[in-house]
Amino acid sequence: MEPVAQPLRCFNESHQSELFKDDGLQTVTSAEQRKVERSIQDVLNVYQQIHSLPQPSLLREQHYQYLKKGLRHLSDAYECLDASRPWLCYWILHSLELLEEPVPAAVASDVCQFLARCQSPTGGFAGGPGQHAHLAPTYAAVNALCILGTEEAYNVINREKLLDFLYSVKQPDGSFVMHVGGEVDVRSAYCAASVASLTNIITPSLFEGTHNWILSCQNWEGGLGGMPGLEAHGGYTFCGTAALVILGKEHMLDLKALLRWVTSRQMRFEGGFQGRCNKLVDGCYSFWQAGLLPLLHRALFKDGDVTLSLNSWMFEQQSLQEYILFCCQNPAGGLLDKPGK
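Computed from a predicted structure; not experimentally measured.

1. Details of the overall build of the protein
Counting secondary structure elements, the protein contains 14 helices and zero strands. When the helices and strands of the protein are listed from N to C terminus, the series reads α-α-α-α-α-α-α-α-α-α-α-α-α-α. For 341 residues, the compact-globule estimate of 2.2 N^0.38 gives 20 Å, and the protein sits close to it at 21 Å. Across its three principal directions, the C-alpha atoms of the protein cover 60 × 45 × 45 Å. Here the protein holds 341 residues, and the buried ones make up 47% of them. For the protein, long-range pairs separated by at least 24 residues make up 66% of all intrachain contacts whose partners lie at least 6 apart in sequence. Of the roughly 17800 Å² of accessible surface on the protein, 55% is carried by carbon and sulfur atoms.

2. Looking at the nonpolar core
Counting residues in hydrophobic clusters, the biggest one holds 74 residues, and the most contacted among them are Leu115, Phe125, Leu135, Leu145, Leu166, Phe176 and Ile214. With near-sequence residues (within four places) excluded, Leu145 lies in contact with Cys112, Leu115, Phe125, Ala153, Tyr154, Val156 and Ile157.

3. Some remarks on unusual backbone geometry
What you tend to see is this: most non-glycine residues have negative phi, and most peptide bonds are trans. One non-glycine residue, Glu100, lies in the positive phi region at around 60°. If you trace the backbone, Glu100 turns up in the loop between α3 (85-98) and α4 (105-118). At Asn200, a residue that is not glycine, the phi angle is positive and equals roughly 60°. Within the fold, Asn200 resides in the loop between α8 (186-198) and α9 (210-215). Here Asn200 falls in the exposed class, since its relative accessible area comes to 64%.

4. Looking at the side chain of Gln33
Mapped onto the secondary structure, Gln33 falls in helix α1 (residues 28-50). Assessed through its relative accessible area of 7%, Gln33 is described here as buried. Here Gln33 is in contact with Phe20, Met267, Glu270 and Leu280, once residues within four sequence places are set aside.

5. Remarks on the pattern of salt bridges
Using the criterion set out here, one finds eleven salt bridges in the structure. Across the salt bridge formed by Glu18 and Arg268, the nearest N and O atoms sit 2.8 Å from each other. Highlighted residues: Glu18 in the segment before α1 and Arg268 in the loop between α11 (255-263) and α12 (285-288), separated in sequence by 250 residues. With its nearest N and O atoms 3.5 Å apart, the salt bridge here joins Asp337 to Lys341. Bridged by salt links that share partners, the residues Glu183, Asp185 and Arg187 form one connected network.

Here is what the cut-offs are and how they apply
Residues numbered from 1 in each chain as written. Predicted model: local features only at pLDDT ≥ 70, side-chain atom pairs only at ≥ 80, totals over all residues. Heavy atoms only, no water. Helix = DSSP H or I, 4+ residues; strand = E, 2+ residues; numbered from the N terminus. Rg over C-alpha atoms; globule rule 2.2 N^0.38 Å. Buried < 20%, exposed > 50% of the residue type's maximum accessible area, 1.4 Å probe, protein only. Contact = heavy atoms within 4.5 Å. Areas by Shrake-Rupley, 256 points an atom, 1.4 Å probe, with all protein chains shown as cover. Core = buried A, V, L, I, M, F, W, Y, C linked by side-chain atoms within 4.5 Å. Salt bridge = Lys/Arg side-chain N within 4 Å of Asp/Glu carboxyl O.

Printed below as a string of structure tokens:
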């Protein structure tokens, strides 16, 4: 028996009522919002003309081929990411893992050898061989090696030196700098907590005061900024909340205010998420914002909220799926943040 096709929200007659209304006062941001909505409507119109019963699907094979090629060769357009090469390994490996596509043993070994060259003699990983250790590529490298999950991969990580590196970037107030002499923001606390947890090197003093510093980043909006007093931002909010989950302190957040803020970031017409108030939809926040909601669901459940659904998260999941599948897939493989990018 054929499965019954689910009616699509974006082709419903009422969908047009979700278009942005500027109340007769056009601004630069309202004009940009209208422009994005028109581009999305154009994509949907074309798709509807081509398919009599439009049902979006994930272009699994195209994405797989795009990712497989990226592990061996990247075009010169990626030259600007020379200091982020472990990130490229992590993004590709994590995507292949989600697609349940195996990584050939020879390729996995090559990735291990490359990341080993990115490891600093003083601990942690750099953005490329010969560069300085930095918490962001350390996060990417450790996660990539854990995804590979081979003995060779685990043996790359010098856990003793990694702990030394984490202590070298720990600050007296509980925060972390991204690298020695670098900037402080909530990303660094998350990167440190993630790699310390994955490699089982958390000590009582390593994260002393960290949860209080992260809590001070939650502002009046309900989300978290990069530092205390800054505007709430999807990426920083995920990082701060995820770090607190790792440290077992997420219950100390104002969870209801956080829930209100993040659910308000889902765009009514587009279905995707924006990163901050009054910003445009962006495909990357499908991870930062939507990924935050299961963490919130878990925290509220532990807090005794009996009204939680056991079948769905607290956002419009179908709308987000439609946005990603219709508007963010490159036909040749790979994802983009919005049509036209």
